[in-house]
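Listed here are the chains, written in short residue letters.
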Amino acid sequence: MPKSKLFAGFAEAVAGIPDGSTIAFGGFAGPGTPFNLIRALLAQGARNLTCVSNTTGGAHQPRMPDIGMLVENGQVRKVVCSFTAATRPTDVLPFARFLEAGQVEAELVPQGTLAERLRAAGSGIPAFYTPTGVGTEIAEGRETRNFNGREHLLEHALPVDYALLRACQADEAGNLRYRLAQRNFNPVMAMAARTVLVEVEEELLPAGAMDPDAVHTPGIFVHRLVRIPPPPDGLWPARRLERAR
Amino acid sequence: MPKSKLFAGFAEAVAGIPDGSTIAFGGFAGPGTPFNLIRALLAQGARNLTCVSNTTGGAHQPRMPDIGMLVENGQVRKVVCSFTAATRPTDVLPFARFLEAGQVEAELVPQGTLAERLRAAGSGIPAFYTPTGVGTEIAEGRETRNFNGREHLLEHALPVDYALLRACQADEAGNLRYRLAQRNFNPVMAMAARTVLVEVEEELLPAGAMDPDAVHTPGIFVHRLVRIPPPPDGLWPARRLERAR
Amino acid sequence: MSGTETKGWSRQQMADRLAAEFEDGWIVNLGVGIPTLCSNTDTGDRDVVFHSENGVIGYGPVLPEGQEDLHLVNAGGQNVSLRPGAAIVHHADSFAVIRSGRIDATVMGAYEAASNGDFANWKVAVNAKGGGIGGAMDLAACARRVFLLLEHTTRRGAPRLVRRCALPVTARRVVTLVATNYGLFKPEGEGFRVLELAPGLTLDEARAATGAPLAA
Amino acid sequence: MSGTETKGWSRQQMADRLAAEFEDGWIVNLGVGIPTLCSNTDTGDRDVVFHSENGVIGYGPVLPEGQEDLHLVNAGGQNVSLRPGAAIVHHADSFAVIRSGRIDATVMGAYEAASNGDFANWKVAVNAKGGGIGGAMDLAACARRVFLLLEHTTRRGAPRLVRRCALPVTARRVVTLVATNYGLFKPEGEGFRVLELAPGLTLDEARAATGAPLAA
């Protein structure tokens, strides 16, 4: 039998992540974000990382572990996100001053293109065309092609070395279920990654206890599971508040 | 409120399908095949159809309504399938003599490319690249491109006018659940189609009775539902037997 | 912006006015900010499905404090409710819904709306480093109708409805309708048509606050 | 082909021999025909996940008559069982698993296996109209290892192991191992290496029935 996918703790799960890795982080506006794995990665200290995520975090209070903290901790070379700045001129994300100071690179990608580039990487599709972004600044100098009378941008797959995810349920085979808006990027990031780490909210189910029709991410994509302990040891989402402006 | 998606019968559901339509048919080796809707389409008589499906059917006994029968009935101009002939030299599919006589066109597509072209159509992706088929007869004269040191074929989205599907469960909003191997092509065909017709095995659930996390095809993709009556009025899968050779 | 300075409609009134355009059976995506107020609007006997880019299909009003489900948020991160018939998909499938043209209307905030149909909502200044695209470019390029909800002027009184965007655009020639605190407007090339003015506002006042011709 | 004419291994023995190559933790796709027999093989304490292109991940042996679940079939249309930890995905996701290189070994039938690593299994004759590709081209192009299971010769005694395919190929330079009723063979460019001969067969007999050099 292959060794168990269940790891004793978050530190053990992230221990082997080397400097220079490309890591995708699940989550959208809270749900599905691997807060505990990010905290462990902050402590583990891997550097020169490329971080793929919807945002760099920090837009809401209470602040939870996020990509911005990895940047502040000097661990990040580049981020690939659909938000690299706040959308309100009056907001300044913690990440912004590092970007403005040139201490971190940023690749800004439309959210649907980001999701599809991850899915493409997980699907053996090296590139695809999308109408998104045509005629905008992000299309400048880029390859376009006309299909059905409409310009489209060529977009490339975005493979990652690791995906750090959060799920509601897992079984011993690594099958995952997400609850409601927790799903978001997590399934496509699992597909895009060579190694998938998941923090899990509920007790691990024995293999065979999860309905095969109800699985959201098949266990063949999943490598390391960690059960999230109750608070205060484990990080759990709190009610989100807008940041003070 | 929009009018109900539940139709009284199969004839009512297929009544408006015009000549010249492109129709995708769900199913793989039995499960998920819309036998009742195909039978209704045979009676309805729409002609000059383009049929998209994994196979043309007829490889097993007892024979159920299939694309081959639509061909025999003079309703089909072209099929797009991953099998247009049997894989055993000793087998001859009912469809084959129409193909050999030039009475129907056939576009032979690798199965993964077929599934992905349908998903692309349902995802606003006009074209993508795949390594499948490079160096084979199906790549002859086709556009290729090198990514990461490997040749890939350019493949185009395959949109369809209608999808005829079979599901296990549906609710009033049109949300669908498939059971086990019944899922196969059905979700991506629902995505690829402008109008989606579904024959449903179980009693229709009220809106709100299906767990949103358990939905396989969201109701926004689904237009017409028909409950399958018990046999002999409704067609249900029988145990499959190999065809006599 | 505090409510007391605002002329014309309140934010909820702007959202309600735009929501009155939603037709029975539409699938509507609501963006971050003012647009999320549309899911609080009573659409009466019109059945409208609200889609959020994080894969929530069929959500309803924001839930009051203490009743939130922390696993359920809309595009703005607000804890919303689900309506009967809701379904959840992952992010790639959610944008498949968007790019395949199944969103009947997308409602977004904007910094600038141009009469030629361009609009800008992802970069706060031409030379700003970084930006916040989110799902806006996908939605703008692919939704059947692009509805914008924004304050009619900046805090300094500069018009947000203009002939041509000064900021980097989100998409070109896509805007269908624009609702502001001043009223409801339709871009028509070189200017906007006034479909409705908020109570208490005159056409001259609206013209003075608009950077493009306004036709009554 | 009736069992009585067959030299060497039976079909189940061929499948068992190839299944002995599966390693602990592998994900293995089994094609139509002889390959499906591999899911009947006892792999002992090696945990092997069987994948079928219709989206069934983690299936087990074919179920006896009367115990079938008619909603559950493998790639060959046989009613199989599920192993604990199984998961179902749709067809596009199933081929995402395949194209992304997650299949450790694909086991397929073939008409011809060439020593240069090409093989042919989708068209019964060069000039045949139509063909049966199924998932074979995706699997052949993308699986980490391509294992073939076929009778060593045609019914007329012509070799199926050859230097170059005469039939249209399914993929080029991909074959890892070939198991036939004669034994287990590895393509090595201009010929095959014999890894094992079925009991009762001599190297000379195998050479006589093979269309490419055989190295012991």
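Given the structure is predicted, the values throughout are model-derived calculations rather than measurements.

A. View of the interface of chain D and chain B. The interface of chain D with chain B comprises 44 residues on the first partner and 47 residues on the second. Note on chain D versus chain B: buried area summed over both sides is about 3,700 Å², and carbon and sulfur give 60% of it. Three residues stand out in chain D for area buried against chain B, namely D:H71, D:H91 and D:K129, and they jointly supply 19% of the buried area on that side. Applying the counting criterion to the chain D and chain B interface returns three salt bridges. Residues D:K123 and B:E137 are paired through a salt bridge, measuring 2.5 Å at the closest nitrogen-oxygen approach. Inspection of the region where chain D meets chain B yields 21 residue pairs in polar contact (both at pLDDT 80 or more). Contributing elements (two or more residues each) for the side of chain D that touches chain B: β4 (80–88), α2 (91–99) and α3 (136–142) of chain D. Across the side of chain D that touches chain B, the residue classes break down as 20 nonpolar, 14 polar and ten charged.

B. Local environment of the interface of chain A and chain C. Facing 47 residues of chain A, the contacting portion of chain C comprises 44 residues. A combined buried area of about 3,700 Å² lies between chain A and chain C, and 60% of that area is made up of carbon and sulfur atoms. Between chain A and chain C we count three salt bridges in total. Where chain A packs against chain C, one counts 21 residue pairs in polar contact (both at pLDDT 80 or more). For the side of chain A that touches chain C, the secondary-structure elements that each account for two or more residues are α4 (96–100), α5 (111–121) and α6 (186–192) of chain A.

C. The arrangement of the pattern of salt bridges in detail. Applying the stated rule across the entire model yields 50 salt bridges over all chains. The closest approach of N and O atoms between C:D69 and A:R179, which form a salt bridge, is 2.5 Å. Highlighted residues: C:D69 in the loop between β3 (56–62) and β4 (80–88) and A:R179 in the loop between β11 (176–177) and α6, drawn from two different chains. A salt bridge links C:E21 to C:R17; the shortest N-O distance between them is 2.9 Å. The network of salt bridges with shared partners includes A:R63, A:D66 and A:E72.

D. View of the nonpolar core. Counting 198 residues, the largest nonpolar core has A:L118, B:L118, C:F22, C:L148, D:F22 and D:L148 as its most contacted members. Excluding anything up to four places from it in sequence, A:L118 contacts A:V52, A:L158, A:V160, A:F185, A:V188, A:M189 and A:A192.

E. Seen up close, the sheet that holds β3(C). Residue and element names in this part refer to chain C. On the basis of which strands lie adjacent, the open sheet formed by ten strands has the order β4-β3-β2-β1-β5-β8-β10-β11-β12-β13 and mixed pairing. Each edge of the open sheet carries a strand with a single partner, namely β4 and β13 (214–215). Direction of pairing for strand β11 (residues 183–187) relative to strand β12 (residues 192–197): antiparallel, over a ladder of five bridges. Within β12, the position partnered with L184 by the bridge is E196. The sheet strands contacting helix α1 (residues 11–19) are β5 (105–108), β8 (146–149), β10 (175–180), β11 and β12, and the helix crosses β8 at an angle near 165°.

F. Local environment of the pairing of strand β7 (residues 144–147) of chain A. Relative to strand β8 (residues 150–156) of chain A, β7(A) runs antiparallel, the two sharing four bridges. For A:N146, the partnering residue across the bridge sits in β8(A) and is A:E151.

G. Main features of the environment of C:F119. All names here are of chain C. Residue position: F119 is located in strand β7 (residues 119–120). Classification of F119 as buried rests on a relative accessible area of 0%. Along the backbone, F119 and V162 are 43 residues apart, and their C-alpha atoms lie at a distance of 9.4 Å.

H. View of α5(A). In terms of residue burial, α5(A) counts as a mostly covered element, since eleven of its eleven residues are buried. Within α5(A) the residues assigned to the buried category are A:Q111, A:G112, A:T113, A:L114, A:A115, A:E116, A:R117, A:L118, A:R119, A:A120 and A:A121.

I. Geometry of the sheet that holds strand β11 (residues 183–187) of chain D. Sheet architecture is open: ten strands sit in the order β4-β3-β2-β1-β5-β8-β10-β11-β12-β13 (chain D), paired in mixed fashion. Each having just a single partner strand, β4 and β13 (214–215) of chain D make up the two edges of the open sheet.

J. Expanded view of the side chain of B:E201. Residue placement: B:E201 occurs in the loop between β12 (193–200) and β13 (224–227). Since its relative accessible area comes to 8%, B:E201 is described here as buried. In this structure the side chain of B:E201 is engaged in a polar contact, spanning 2.7 Å, whose partner is the side chain of B:R166. A distance of 3.0 Å separates polar atoms of two side chains, one belonging to B:E201 and the other to B:Q182. When neighbours within four sequence positions are excluded, B:E201 is seen to be in contact with B:R166, B:A167, B:C168, B:Q182, B:R227, B:I228, B:W236 and D:H71.

Procedures and definitions
- Residues numbered from 1 in each chain as written.
- Chains lettered and ligands numbered in written order.
- Predicted model: local features only at pLDDT ≥ 70, side-chain atom pairs only at ≥ 80, totals over all residues.
- Heavy atoms only, no water.
- Contact = heavy atoms within 4.5 Å.
- Buried area = accessible area lost by both parts, 1.4 Å probe.
- Salt bridge = Lys/Arg side-chain N within 4 Å of Asp/Glu carboxyl O.
- Polar contact = N/O pair within 3.5 Å; in protein donor to acceptor, adjacent residues only side chain to side chain.
- Helix = DSSP H or I, 4+ residues; strand = E, 2+ residues; numbered from the N terminus.
- Nonpolar A, V, L, I, M, F, W, Y, C, P; charged D, E, K, R; others polar.
- Core = buried A, V, L, I, M, F, W, Y, C linked by side-chain atoms within 4.5 Å.
- Buried < 20%, exposed > 50% of the residue type's maximum accessible area, 1.4 Å probe, protein only.
- Pairing = 2+ DSSP bridges.
- Axes fitted to C-alpha atoms, helices over the stretch in contact; angles between N-to-C directions.

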